[in-house]
Amino acid sequence: MPSDPRVSPPAPGLARTLDAALTALAPAVWGSTYLVTTELLPPGRPLLASTVRALPAGLVLLAVGRRLPRGVWWWRAVVLGALNIGLFFYLLFVAAYHLPGGVAALVVSAQPTVVLLLGAALLAEPVRPLQVTACLLGVTGVALLALTSQAGVDLTGIAAGVAAAVSMAAGIVLTKRWGRPGGVGVLTFTGWQLTAGGLLLAPVTLAAEGLPTRVTGGNIAGFAYLSLIGALLAYAVWFRGIGRLPALAVSVLGFASPLAATVLGYLVLDQSLTPLQLAGAAAVIAAVALAQIPQPPRAGKRADRPSPASTRNHAPAVKGKP
């Protein structure tokens, strides 16, 4: 349907703010993963939780989109599905089972720093002082949110959290570098990755954990929430944001996850909020705001020139090519 010529498009600054706000909903939802894992899911089954979260949602999106990858996008979908979904989900759940939610979120919050470094190497994006400040401020804020006197340290959980941060950071940067094939919508693109990640996890789940002998109503509710809300909806919003915002700006939005985990702990689990945690929340919000400030274009590069990934995302489909 053609747009109404009487309706003015949003200003670039406003459009970016709206994109950032919508994208932040994804990590905010993921912040509830820690609560759902500890309160509703069967204990000690991170592989099962990861598989059930990814595979059903991916199959639903494949059925709706009715389009499979072609050409190089077969192996790209597998790589992105492993980094963004399969490997990341498993490591995240291992961290959630071995660490308090806030501590797990703190370890995973190293992700924006990794994105900053990978973006410089793979996307030729310069590292700017404002970006470094946003990363440091965000990690400091998460530390103030998470490191209470009750925070425990488990080496397995720490290692899993760090590996999860690296996995998803690599997924963000490669998603930005490759873009999407022409004519493929964000829901179909999300379905490819969720399905690939779920299929990678499924045989490992059956071999290592098997299926539970008893499933409660609470377990079903937890799995349904993580699959439909935490995966299908949240990842569609997340990948849309990666296509519209700079890689670091998207990654720093991930700081909303520990902030949401802390707020849920206060509202649902009756956990207290200290003045230091409130200061941490303010630091996280400030870090997210700093990362959304547009950077000046590099010398010799037109500010209005689309990136290769952006061009691929909106290019018309060519018959016989991916």
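Look above for the structure.
What counts and what doesn't
- Residues numbered from 1 in each chain as written.
- Predicted model: local features only at pLDDT ≥ 70, side-chain atom pairs only at ≥ 80, totals over all residues.
- Heavy atoms only, no water.
- Axes fitted to C-alpha atoms, helices over the stretch in contact; angles between N-to-C directions.
- Helix = DSSP H or I, 4+ residues; strand = E, 2+ residues; numbered from the N terminus.
- Parallel < 35°, antiparallel > 145°, perpendicular 65-115°, else oblique.
- Left-handed = near helix turned anticlockwise from the far one by under 90°.
- Contact = heavy atoms within 4.5 Å.
- Nonpolar A, V, L, I, M, F, W, Y, C, P; charged D, E, K, R; others polar.
- Buried < 20%, exposed > 50% of the residue type's maximum accessible area, 1.4 Å probe, protein only.
- Patch = residues over 30% accessible without salt bridge, like charges linked within 9 Å, V, L, I, M, F, W, Y side chains within 5 Å.
- Areas by Shrake-Rupley, 256 points an atom, 1.4 Å probe, with all protein chains shown as cover.
- Salt bridge = Lys/Arg side-chain N within 4 Å of Asp/Glu carboxyl O.

Engineer: Sorry, what's going on with the packing of helix α4 (residues 73–98) against helix α10 (residues 217–244) here?
Structural biologist: A pair of packed helices is captured by two measures, namely the crossing angle of their axes and the spacing between those axes. Packing of α4 against α10 brings their axes to within 14 Å, and their N-to-C directions diverge by 125°. Of the possible angle classes, the one that applies to α4 and α10 is oblique. For the element pair α4 and α10, the recorded crossing hand is right-handed. For the pair α4 and α10, contact is made by N84, I85, F88, F89 and F93 and by L226, Y235 and F239, respectively. Partitioning the contact of α4 with α10 into residue classes produces seven nonpolar, one polar and no charged.

Engineer: Is there a simple way to explain unusual backbone geometry in this structure?
Structural biologist: Working note: non-glycine residues mostly have negative phi, and peptide bonds are mostly trans. If you check the backbone angles, R66 has positive phi at about 50° while not being a glycine. On the secondary structure map, R66 appears in the loop between α3 (46–65) and α4. Residue classification places R66 among the exposed positions, given a relative accessible area of 76%. Backbone geometry places A124, a non-glycine residue, at a positive phi of 55°. Mapped onto the elements of the fold, A124 is located in the loop between α6 (111–122) and α7 (129–146). The class for A124 is partly exposed, based on a relative accessible area of 43%.

Engineer: Quick question: what am I supposed to make of a nonpolar patch on the surface here?
Structural biologist: Judged by side-chain polarity, V263, Y266, L267, V268, L269, L273 and L278 come together as a nonpolar surface patch covering roughly 630 Å² of accessible area. Of the residues forming the nonpolar patch, the biggest block, four residues, is contributed by helix α12 (residues 256–268). With respect to the helices and strands, the residue L267 is situated in helix α12. Accessibility expressed as a relative area gives 62% for L267, which makes it exposed.

Engineer: What exactly am I supposed to notice about the pattern of salt bridges here?
Structural biologist: One side chain can pair with another of opposite charge once the charged atoms of both are near each other. The tally for this structure, following the rule as stated, stands at two salt bridges. Here R240 and D19 are joined by a salt bridge, their closest N and O atoms 3.1 Å apart. In this pair, R240 is assigned in helix α10 and D19 in helix α1 (residues 12–30), connecting sequence segments 221 residues apart. In this structure R240 comes out as partly exposed when scored by relative accessible area, which is 24%. One salt bridge in this structure joins D19 and R244, with 4.0 Å as the shortest N-O distance. Residue D19 is found in helix α1, and its partner R244 is found in helix α10; the two are separated by 225 residues along the sequence.

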